[in-house]
Amino acid sequence: MRVGGVFTGFSGKGGGTMAFTDDKIQHSSYYHRRYQGFMETPVIGSDGKKHIERVYTGDVYLAELPAGRRTAIRAGYAALYLLSAGLFLYASSGGTAFNRALYVQFASFLALSAQFITLWYLIAYLAAPGRMTVWQHYAGPVRLKRWSGITALLLAAETLAAVLFILLHPDSGLLRELGGAACLFAAAAAMAWIYRIESRIPYIKIPCDADIPRGGYYIDD
């Protein structure tokens, strides 16, 4: 998909949940968010059935960074995520006694769930073009920043739970337990670093210069 001066706009046939009402199409709430900023026009296809064509005419989001730095940041995010996930898995399967405590297991479950969600949005971030639609900006940078921060907090909470276990059971093998807790702390720090970097990236909105289709209307209308 291309947008704005460098992009040529998006035009395609419809998908998602829809129902025709006169000349407009009723969609689900997800569809409205997913295609925010698009205009759609009902057309009659060669098969005689009514379809829709979409053209993106909304604001375009882009990071105020040189292309080379954007690439470096994306590679850095992938490396930090892999580092965090690796440290977390090592701490969870390294034979540490604190992993047998129910409260540590609960914190670990929450942290693991958040890591999977963060991975989903990291993939969306890496797949997004330099010039993004409203949805691409929301599903990539906005959600990645949010969930990397949540994951960092949950990993930090698991670290505290592990330290609590160590304090309550000092005879459980101190060096091994402290090493596992240190891995969890480093995993949290890696996620926090993603959050910190993304929080400092300025994003700007520019108008899209795609041609407005005749007879089209915004999906939000």
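Residues numbered from 1 in each chain as written. Predicted model: local features only at pLDDT ≥ 70, side-chain atom pairs only at ≥ 80, totals over all residues. Heavy atoms only, no water.

Participant: A description of the overall build of the protein chain should follow, citing residues and the corresponding values.
Facilitator: Helices and strands together make up the secondary structure of the protein chain, namely five helices and seven strands. Secondary structure of the protein chain in N-to-C order comes out as β-β-α-β-β-β-α-α-α-α-β-β. In the protein chain, which comprises 221 residues, the proportion classed as buried is 40%. Carbon together with sulfur atoms contributes 62% to the accessible area of the protein chain, which is approximately 12000 Å² in total. (Helix = DSSP H or I, 4+ residues; strand = E, 2+ residues; numbered from the N terminus. Buried < 20%, exposed > 50% of the residue type's maximum accessible area, 1.4 Å probe, protein only. Areas by Shrake-Rupley, 256 points an atom, 1.4 Å probe, with all protein chains shown as cover.)

Participant: Now, about the packing of aromatic side chains: what can you tell me, with residues and values included?
Facilitator: The tally for this structure, following the rule as stated, stands at three aromatic pairs. On the numbers, 5.3 Å between centres and 50° between planes, the contact of Y77 with Y125 is tilted. You can see Y77 sitting in helix α2 (residues 67–93) and its partner Y125 sitting in helix α3 (residues 102–127), a full 48 residues away along the chain. Y125 shares its class with Y77; the two are buried. The interplanar angle of 50° and the centroid separation of 6.0 Å between the aromatic rings of W135 and Y138 together place this pair among those described as tilted. Here W135 pairs with Y138, and both are found in helix α4 (residues 134–168), just three residues apart, close to one helical turn. Considered together, W135 and Y138 belong to a single accessibility category, that of buried residues. (Phe/Tyr/Trp six-rings, centres within 6.5 Å; stacked < 30°, edge-to-face > 60°.)

Participant: Help me get a handle on the nonpolar core, residues and values and all.
Facilitator: In terms of nonpolar packing, the biggest core is built from 32 residues, with Y77, L155, I194 and I201 touching the most fellow members. Broken down by secondary-structure element, the contributors of at least two residues to this core are α2, α3, α4 and α5 (174–199). Per-element accounting of this core gives the leading share, eight residues, to α5. Aside from chain neighbours lying at most four places away, what touches L155 is S84, F88, A111, Q115, L184, A187, A188 and M191. Core analysis: the next-biggest nonpolar cluster, separate from the first, contains 11 residues, Y31, Y35, I52 and A128 among them. (Core = buried A, V, L, I, M, F, W, Y, C linked by side-chain atoms within 4.5 Å. Contact = heavy atoms within 4.5 Å.)

Participant: Go over empty space enclosed by the protein with me, naming the residues and quoting the values.
Facilitator: Considering all chains together, one arrives at one cavity of 30 Å³ or more under this definition. Forming the walls of the largest cavity are 13 residues, and the residues nearest its centre are A63, R70, R74, Y125 and Y203. Among the elements that make up the lining of the largest cavity, the one with the highest residue count is α2 (three residues). The residue inventory of the lining of the largest cavity, partitioned by class, reads 10 nonpolar, one polar and two charged. (1 Å grid on protein atoms, 1.4 Å probe; cavity = no way out; pocket = protein on both sides within 12 Å on 5 of 7 lines; lining within 4 Å. Points joined across faces, edges and corners; volume = space filled by probe spheres on them. Nonpolar A, V, L, I, M, F, W, Y, C, P; charged D, E, K, R; others polar.)

Participant: I'd love a proper account of the pattern of salt bridges, names of residues and values included.
Facilitator: Where charged atoms from two side chains of opposite charge approach closely, those side chains can pair. The final tally for this structure, using the stated rule, is two salt bridges. When the shortest N-O distance is used, the salt bridge between K205 and D59 registers 3.8 Å. Residue K205 is located in strand β6 (residues 203–206), and its partner D59 is located in the loop between β4 (50–56) and β5 (60–63); the two are separated by 146 residues in the primary sequence. Of the residues examined, D59 reaches a relative accessible area of 34% and is grouped as partly exposed. Among the ionic pairs, E177 bridges to R176, the shortest N-O distance being 3.1 Å. (Salt bridge = Lys/Arg side-chain N within 4 Å of Asp/Glu carboxyl O.)

Participant: Provide a residue-level description of a nonpolar patch on the surface, including the pertinent values.
Facilitator: A grouping of L112, F116, L119 and I123 is seen on the molecular surface, where their side chains present a nonpolar patch of about 350 Å² in accessible area. Residue position: L112 is located in helix α3. (Patch = residues over 30% accessible without salt bridge, like charges linked within 9 Å, V, L, I, M, F, W, Y side chains within 5 Å.)

Participant: Give me the lowdown on the packing of α4 against α5, citing residues and values where you can.
Facilitator: At a closest axis distance of 8 Å, the pairing of α4 and α5 adopts a crossing angle of 160°. When the interaxial angle is binned, α4 and α5 end up roughly antiparallel. α5 is crossed by α4, and the crossing has left-handed handedness. Split into classes, the residues belonging to the contact of α4 with α5 amount to 20 nonpolar, five polar and four charged. (Axes fitted to C-alpha atoms, helices over the stretch in contact; angles between N-to-C directions. Parallel < 35°, antiparallel > 145°, perpendicular 65-115°, else oblique. Left-handed = near helix turned anticlockwise from the far one by under 90°.)

Participant: Account for α4, with residues named and values stated.
Facilitator: The terminal C-alpha atoms of α4 lie 50 Å apart, and with 35 residues this matches the ideal 51 Å at 1.5 Å per residue to within 8%. The principal kink in α4, of about 35°, is found at R143. (Expected span 1.5 Å × (residues − 1). Bend = angle between axes of the 7 residues up to and from the residue.)

Participant: Kindly report on the confidence of the model for the protein chain, identifying the contributing residues and their values.
Facilitator: Confidence in the prediction for the protein chain averages 83 pLDDT; 81% of positions are at 70 or higher. Ignoring residues within four places in sequence, the model shows residues 1–23, a span with pLDDT below 50, making 61 contacts including any to other chains. (pLDDT = per-residue confidence, 0-100.)

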